[in-house]
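Residues per chain are reported as follows:
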Amino acid sequence: MLLITRPQPEADALAWRLREMGFETLAQPMLRIHFLDDSAALASQKTPQAILATSANGVRALAQHRKHLGDNIPLLAIGAATAKEARGKGFAPVSTASGDANSLIELATRQCRPEDGELLHVCGRDISVDIVSLLRTRGFSARRATLYEARAAERLDDSVATAIREKYIKGVLFYSRRTAEVWNGLVRAADLREHCINITAYCLAPSAADAAADLPFQDIITAPHPNEAEMFALLESLARKGLKG
């Protein structure tokens, strides 16, 4: 059985995909998304030359403020999932980076010019990479709109704790460093740390793997590149070997 730790609605979509591969799944989001009202900041500024989005949740939050933005502002998405969400919400044109902050900054540098106006980064309250500061070092004017926050789960669900104790959970999926950090705290609070020796951590990115290393997992496996396609390829290889999580 694989434990899904992603927020909703991604958790349900991921569970469906994994069941299609033949895995049994259990889900407990480590983070719950709450949108914030930053409409005043969006409305009071000049129209940006491009918007940088580092998550699908940022796109969903931004869609609620479309009236404060001009039409046809290019949106630069960190990866394929964020780009898909942006297109589904009607943003156009949309360009896609390779799944991490550095590739997004490189995309912005190729497609935008400092003299053409400001860049807007839409994000959550907690950021792992200060994209605005990095853009400024490249000569761009950039600002941040904080449109949502991810609130941590306060305890493990009883069903999850039982599944850990009974060794039903063979793998846990981490898509972000913060998700892994929240999991670590909840596992310790439930006195289940030593049970991680029966579980493999499957991580989307090295930052998530670094956080997972604080617990004694049986193994920590990281996708070759930080995008969901690579994660699915990793899990599909397990399914082909008959390792159903």
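Structure shown above.
Report follows, based on the coordinates. (Residues numbered from 1 in each chain as written. Predicted model: local features only at pLDDT ≥ 70, side-chain atom pairs only at ≥ 80, totals over all residues. Heavy atoms only, no water.)

**Notes on the packing of aromatic side chains**
Then, number 1: Inspection of the entire model under this criterion finds 2 aromatic pairs.
Then, number 2: Summarising the aromatic geometry, the rings of F174 and F217 are spaced 6.1 Å apart at their centres and angled 70 degrees between planes, so their arrangement reads as edge-to-face. Here F174, found in strand β9 (residues 171-174), pairs with F217, found in the loop between α9 (206-212) and β11 (219-222); they are 43 residues apart in sequence, far enough to count as distant. An identical accessibility class is assigned to F174 and F217; each is buried.
Then, number 3: Ring-pair connections join several aromatic residues into one group, and the members of that group are F174, W183 and F217.
Then, number 4: The positively charged end of R17 is found above the aromatic ring belonging to F232, 4.0 Å away from the centroid. (Phe/Tyr/Trp six-rings, centres within 6.5 Å; stacked < 30°, edge-to-face > 60°. Helix = DSSP H or I, 4+ residues; strand = E, 2+ residues; numbered from the N terminus. Buried < 20%, exposed > 50% of the residue type's maximum accessible area, 1.4 Å probe, protein only. Lys NZ or Arg CZ within 6 Å of the ring centre and 35° of its normal.)

**Side note on the sheet that holds strand β2 (residues 25-27)**
Then, number 1: With respect to topology, 5 strands assemble into an open sheet ordered β2-β1-β9-β10-β11, the strand pairing being parallel. Where the open sheet ends on each side, the last strands, each with one partner, are β2 and β11. Across the sheet, the mean angle from the axis of one strand to that of its neighbour is 25 degrees, orientation sign disregarded.
Then, number 2: Across 4 bridges, the pairing between strand β10 (residues 200-203) and β11 is parallel. Directly across from C203, in β11, lies its bridge partner T222.
Then, number 3: Lying over the sheet, helix α1 (residues 10-21) contacts β1 (2-4), β2 and β9, oriented at roughly 160 degrees with respect to β1.
Then, number 4: Across the sheet, helix α10 (residues 228-240) lies against β1, β9, β10 and β11, angled at about 145 degrees from β10, the strand it touches most. (Pairing = 2+ DSSP bridges. Axes fitted to C-alpha atoms, helices over the stretch in contact; angles between N-to-C directions. Contact = heavy atoms within 4.5 Å.)

**Structural notes on the environment of R17**
Then, number 1: On the secondary structure map, R17 appears in helix α1.
Then, number 2: Overall, the relative accessible area of 31% leaves R17 in the partly exposed class.
Then, number 3: Separated by 200 residues in sequence, R17 and F217 have C-alpha atoms that sit 24 Å apart.
Then, number 4: Apart from residues lying up to four places away in sequence, R17 is in contact with F232 and E236.

**A short note on helix α7 (residues 158-165)**
Then, number 1: Those residues of α7 that fall on the buried side of the exposure criterion are V160, A161, A163 and I164. Projected onto a plane normal to the axis of α7, the buried residues spread over an arc of 160 degrees and lie on a single side.
Then, number 2: In the core, the buried residues of α7 are packed alongside β1, β2 and α8 (177-189).
Then, number 3: Where α7 terminates, the next one or two residues include K167, which has phi positive at roughly 65 degrees. (Arc of directions from axis to C-beta.)

**Quick word on the packing of α1 against α10**
Then, number 1: Relative to each other, α1 and α10 sit at 30 degrees, their axes nearing to 10 Å. Viewed along their axes, α1 and α10 adopt a mutual orientation that is roughly parallel. α10 is crossed by α1, and the crossing has right-handed handedness. Residue-level inspection shows L14, R17, L18 and M21 of α1 in contact with α10, the latter providing E228, F232, L235, E236 and A239.
Then, number 2: A per-class count over the contact of α1 with α10 returns 6 nonpolar, no polar and 3 charged. (Parallel < 35°, antiparallel > 145°, perpendicular 65-115°, else oblique. Left-handed = near helix turned anticlockwise from the far one by under 90°. Nonpolar A, V, L, I, M, F, W, Y, C, P; charged D, E, K, R; others polar.)

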